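Next come the chains, spelled out residue by residue.
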Amino acid sequence: MARALVIQLARLGDLLQTVPAIAALADEEPRVELDLLCPSPLAPIGRLIPKINRVLEWDGAQWQKQARQAEESFHLDRLKEAERQLPSPAAGRYDRTYVLNQHPRALLAGALFGETMIGPRFESFDEHLTPWAAYIRRVAATGISQRVHLGDAFCGLCRVRPTGQAIAIRQPAEALRADLAEIGRGPGPWIGLIVGAGDPARLVPMDVWQGLIARYLAASARGRIVLFGDRNETERAQQIQDGLSPSMLGRVWDLTGRTSLKELASVLSRCNRVVGADTGPLHLAAAVGSCVVGWYFARARVHETGPYGTGHVVWQAGGQVPFPAFRVGPDPVTPMQWPVDATVAYLTGEEPAGVEGWTMWHSRCDRWGAYFTESSVDQLPPAERERTWQLLHPAHI
């Protein structure tokens, strides 16, 4: 049987945006055995992705250490030691590697592990980018207006078409601990709030979260709030709770710093809605089947990295002004006001009012992948996506 390796060495959000490409590769060649190379901390999520046979773990910290030592004092022993840090394929080199990052470490892994490398370069270390790689780099560097979702651009990078539907990752097999198992049971709805972000520019102010929690709990007599974040965000979560009335605290569950990635996936799947900025955990919530409410600001763009699938909602900072206008200069978009009331209305089943400086988008999928419309009713999909595919990959139209 032919064997192929998908290489994604970036963060959690990027790994989850890789799922459409993995699904498309599996559909294109169902007899090919697909493995995945990803950072060691993300391997538990990688093992939940359908169609992945085996996950190889990349120890990025150790690799960087060896690379720095080799730069300081290069000799053959250093090179051999660095090479030993690479995970070992189970049965020799792969027939193909699909490289989804343009960083040299990903290109090196693709060249070492595979007979043929497909991805950002025409050859292993050719300086010329493939059309899809050049497109992704230009979008990231300039913030040009575009409509091809990053997950679908990854499909193009792998030379396959999107499947036209969202693929949910598998639920972890392990039962939740007793202190987590109560989430999602009893009165509800249960609303998850992702209070942190890997990029400080994407942190929602704590008083904004306090206002959202207070207004939602006042509007929903049976509603419950669950706070999500890593161990670095426990103090932030505590400060958010310090601003709430004692009567509300009994309806707030603080899970910051208390869950592994697999536990986080399980608990997010139990939430009726999950609200947050453009972060890895928000994409994880969408991947496990929860309905997501995104607040996209700073440098986040709904059409590029909105939650993949159908039934999600995103408020995009920028209002009716073309979003690239906010990309001029080094500073990210910092909203002057936040869609708190509109989000509470949406969460409680009411019609959200407009919010100055923001637009509301609804997620959809079709044969060209994910897209977003400003209306909750059906609209014509944006024609730019098909034109982009015709331009960059006419052989696959």
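Okay, so let's go over this structure. Source: prediction; values computed, not measured.

Overview of the packing of aromatic side chains
Working step 1: As enumerated under the stated definition, the model contains 9 aromatic pairs in all.
Working step 2: The ring of Trp368 has Arg161 lying over it, and the distance from NZ or CZ to the ring centre is 4.6 Å.

A few points about helix α10 (residues 206–219)
Working step 1: Between its terminal C-alpha atoms α10 stretches 20 Å, which fits the 20 Å expected from 14 residues at 1.5 Å a residue.
Working step 2: Residues Val208, Trp209, Gln210, Gly211, Leu212, Ile213, Tyr216 and Leu217 constitute the buried set of α10.

Brief notes about the sheet that holds strand β11 (residues 313–317)
Working step 1: If you walk across this open sheet you meet the 8 strands as β8-β7-β6-β9-β10-β11-β12-β13, and the pairing is mixed. Looking at the sheet topology across the chains shown, the edges are occupied by β8 (252–254) and β13 (369–373). Taken pair by pair, the neighbouring strands of this sheet meet at an average axis angle of 20 degrees, ignoring direction.
Working step 2: With 4 bridges connecting them, strand β9 (residues 273–276) and strand β10 (residues 291–296) associate as parallel partners. Paired with Val274 across the bridge in β10 is Val292.

Comments concerning the sheet that holds strand β2 (residues 33–39)
Working step 1: Pairing in this open sheet of 5 strands is parallel, and the strands run β3-β2-β1-β4-β5 from one edge to the other. Here the strands that pair on one side only, and so sit at the sheet edges, are β3 (52–58) and β5 (114–118). Sheet twist, expressed as the mean angle between neighbouring strand axes with direction ignored, is 25 degrees.
Working step 2: Alignment of β2 against β3, held across 6 bridges, turns out to be parallel. Within the sheet, the bridge partner assigned to Leu34 lies in β3 and is Ile52.
Working step 3: Of the strands in this sheet, β1 (3–7), β2, β3 and β4 (94–99) touch helix α2 (residues 19–28), which is tilted by about 165 degrees from β2.

Considerations on the pattern of salt bridges
Working step 1: For the structure on display, the rule yields 12 salt bridges.
Working step 2: A salt bridge links Glu57 to Arg47; the shortest N-O distance between them is 2.8 Å. Placement of Glu57 in strand β3 and of Arg47 in the loop between α3 (43–46) and β3 is noted, with a sequence separation of 10 residues between them.
Working step 3: A salt bridge links Asp179 to Arg177, with the shortest nitrogen-to-oxygen separation between them at 3.1 Å.
Working step 4: The exposure class assigned to Arg177 is partly exposed, which follows from its relative accessible area of 33%.

A look at the pairing of β11
Consecutive side chains along a regular strand alternate between the two faces of the sheet.
Working step 1: For β11, the buried fraction is high: 5 of the 5 residues fall into the buried class.
Working step 2: Going residue by residue along β11, you find Val313, Trp315 and Ala317 tucked away on one face and Val314 and Gln316 tucked away on the opposite face as well.
Working step 3: Summarising the sheet, β10 and β11 pair through 4 bridges and their orientation is parallel. Across the sheet, residue Tyr296 finds its bridge partner in β11, namely Gln316.
Working step 4: With 5 bridges joining them, β11 and strand β12 (residues 358–366) adopt antiparallel strand pairing. Bridging across to β12, Gln316 finds its partner in Thr359.

Brief notes about the environment of Arg224
Working step 1: Here Arg224 lies in strand β7 (residues 224–228).
Working step 2: Judged by its relative accessible area of 15%, Arg224 falls in the buried class.
Working step 3: Once the C-alpha coordinates of Arg224 and Gly184 are considered, the two residues, 40 residues apart in sequence, prove to be 8.8 Å apart.
Working step 4: The residues contacting Arg224, other than those within four sequence positions of it, are Pro187, Pro189, Trp190, Ile191, Tyr216, Leu217, Arg251 and Trp253.
Working step 5: In terms of polar contacts, Arg224 uses its side chain to reach the backbone carbonyl oxygen of Arg222, at 3.0 Å.

Some details on helix α14 (residues 280–287)
Working step 1: Burial within α14 is extensive, with 7 of its 8 residues counted as buried.
Working step 2: Following α14 by one or two positions, Gly289 adopts a phi angle in the positive range, close to 100 degrees.

The rules behind the values
Residues numbered from 1 in each chain as written. Predicted model: local features only at pLDDT ≥ 70, side-chain atom pairs only at ≥ 80, totals over all residues. Heavy atoms only, no water. Phe/Tyr/Trp six-rings, centres within 6.5 Å; stacked < 30°, edge-to-face > 60°. Lys NZ or Arg CZ within 6 Å of the ring centre and 35° of its normal. Helix = DSSP H or I, 4+ residues; strand = E, 2+ residues; numbered from the N terminus. Expected span 1.5 Å × (residues − 1). Buried < 20%, exposed > 50% of the residue type's maximum accessible area, 1.4 Å probe, protein only. Pairing = 2+ DSSP bridges. Axes fitted to C-alpha atoms, helices over the stretch in contact; angles between N-to-C directions. Contact = heavy atoms within 4.5 Å. Salt bridge = Lys/Arg side-chain N within 4 Å of Asp/Glu carboxyl O. Polar contact = N/O pair within 3.5 Å; in protein donor to acceptor, adjacent residues only side chain to side chain.

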